[in-house]
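Descriptive structure summary
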Amino acid sequence: MRWCPSSILHLLRCVRLRSCTRRGKNRLPLWIREISAYMRLLVQSLYFNSLTDSDVVFDSVFEPVFWTVDYVTRWFGLVFVCLVVILTSSILVIAYVVLLPLVLNTYSPPWIAWHICYGHWNLIMIAFHYYKAAKTSPGGPPTEKNDVPFVAVCKKCIMPKPARTHHCGICNTCILKMDHHCPWLNNCVGHFNHRYFFSFCLFMTLGCVYCSISGRNLFLDAYNALERFKHLDVEKPGVPVTGMGLLIGLLPPGQTHYQTAAPPYTFKDKMIHKSIIYMWVLTSTVGVALGALTIWHGVLISRGETSIERHINSKETQRLAKRGRIYKNPFSYGRLNNWKIFFGVEKTSHWVTRVLLPSGHTPHGDGLTWEAFPVKKDLIPV
């Protein structure tokens with residue numbers, strides 16, 4: 001018996017129809033099918049076109065990890081903000097309840113004026129810039145049709161991206177001049193709040209260094225006092241009386257130990273010393289860690305680039321170096337001009353009113369268009 005081509009095709013259709021019928025009876029839950037389709041899409045993206053490289057493969061393989069981190073960071077943002085508020089408030093309570101009375105009783109009037117003025121100025125700068133950095137929107141590209149030039153199309157938003165704009169997976173939107181997503185702010189750091197973020201880091205570092213340096217001697221005294229208290233606690237509360245002492249009636253009947261006086265410290269003293277140690281350790285640790293971060297961002301600002309652009313510019317520098325060419329950052333206007341543009345300094349008095357005092361002025365430019373490769377001149381003559 002010979003099989004003709006039409007008979008074979010008919011048999012294959014029947015087998016496929018039966019398999020589809022069985023598959024319809026045993027359909028998997030929707031969420032499992034969605035995950036399966038998502039994983040198939042990831043695998044297919046590895047060989048989608050000829051532009052596939054190591055970065056595409058890395059992003060595809062680690063996409064579930066990135067999604068998990070973004071999801072956790074998004075929901076824990078409020079926890080980090082509350083942690084910042086609680087830790088800062090604890091230092092303020094110690095400063096006002098423990099340290100301020102000590103300063104008023106022991107320091108000279110000039111030193112009292114210095115500590116009160118500098119401490120409250122630093123506190124105002126920290127509180128103002130933290131609030132503005134957390135509540136100010138970093139800015140995003142317009143969603144409606146416009147004539148703004150763009151350099152790419154976001155593969156997540158499917159929207160045009162202007163220069164220096166990047167997509168934030170945690171905020172799930174594109175950010176103008178994005179630097180990074182800060183969980184301690186529960187907000188992205190971008191064009192409109194980058195200055196607030198850096199100023200907060202700067203003044204928080206100055207405040208921690210101020211507390212660490214001015215409280216060093218207090219920390220040493222409190223630590224030594226606690227060590228003495230420990231030795232006193234180990235000692236026995238009384239001295240045994242034996243022999244002739246019992247016969248001559250040094251102690252009442254039935255008592256064999258002479259009761260010593262109460263220790264010269266109280267529970268309040270212990271809490272004061274421990275709070276001073278807590279304040280010094282916390283401010284010193286935060287001062288070192290946040291100081292390093294502040295210095296790093298200061299270097300980036302001097303170069304006219306963000307954290308993301310630093311990575312991109314490094315790769316471009318290496319790529320062009322292999323071809324014997326030199327890469328130049330198109331958005332760097334010179335170190336001094338970069339700082340002027342970042343702080344919004346347009347005249348000499350702005351170094352005080354916009355840098356050393358709280359100021360809510362908007363940054364230079366709209367964040368949508370940038371002057372690339374500017375002429376080497378003082379853009380803001382100050």
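Here the structure is a predicted model, which is why all the values come from computation and not from measurement.

1. Describing the environment of His273
You can see His273 is positioned in helix 9 (residues 267-303). By relative accessible area, His273 is classed as buried at 19%. Between the C-alpha atom of His273 and that of Leu218, which follows or precedes it by 55 residues, the distance is 8.6 Å. Setting aside its immediate chain neighbours within four residues, His273 contacts Ala222, Ala225, Leu226 and Phe229.

2. Remarks on the pattern of salt bridges
For the coordinates displayed, the defined rule picks out four salt bridges. A salt bridge links Glu309 to Arg164; the nearest nitrogen and oxygen atoms lie 2.7 Å apart. Of this pair, Glu309 sits in helix 10 (residues 307-322) while Arg164 is found in the loop between strand 2 (160-161) and strand 3 (166-168), placing the two residues 145 residues apart along the sequence. Each member of the pair, Glu309 as well as Arg164, carries the same accessibility label: buried. Note that Glu305 and Arg303 form a salt bridge whose closest N and O atoms lie 3.9 Å from each other. By relative accessible area, which is 6% here, Glu305 ends up buried. Residue Arg303 is classed as partly exposed on the basis of its relative accessible area, which comes to 34%. Each member of the salt-bridge network shares a partner with another, and the members are Arg303, Glu305 and Arg310.

3. Some details on a nonpolar patch on the surface
Where nonpolar side chains cluster on the molecular surface, the patch consists of Phe58, Val61, Phe62, Val65, Phe66 and Val69 and spans about 510 Å² of accessible area. Elements with a contribution of two residues or more to the nonpolar patch: helix 3 (54-61) and helix 4 (63-106). Broken down by element, the nonpolar patch gets its largest block of residues, three residues, from helix 4. By the secondary structure assignment, Phe58 is in helix 3. Phe58 sits in the partly exposed class, given a relative accessible area of 41%.

The rules behind each value
- Residues numbered from 1 in each chain as written.
- Predicted model: local features only at pLDDT ≥ 70, side-chain atom pairs only at ≥ 80, totals over all residues.
- Heavy atoms only, no water.
- Helix = DSSP H or I, 4+ residues; strand = E, 2+ residues; numbered from the N terminus.
- Buried < 20%, exposed > 50% of the residue type's maximum accessible area, 1.4 Å probe, protein only.
- Contact = heavy atoms within 4.5 Å.
- Salt bridge = Lys/Arg side-chain N within 4 Å of Asp/Glu carboxyl O.
- Patch = residues over 30% accessible without salt bridge, like charges linked within 9 Å, V, L, I, M, F, W, Y side chains within 5 Å.
- Areas by Shrake-Rupley, 256 points an atom, 1.4 Å probe, with all protein chains shown as cover.

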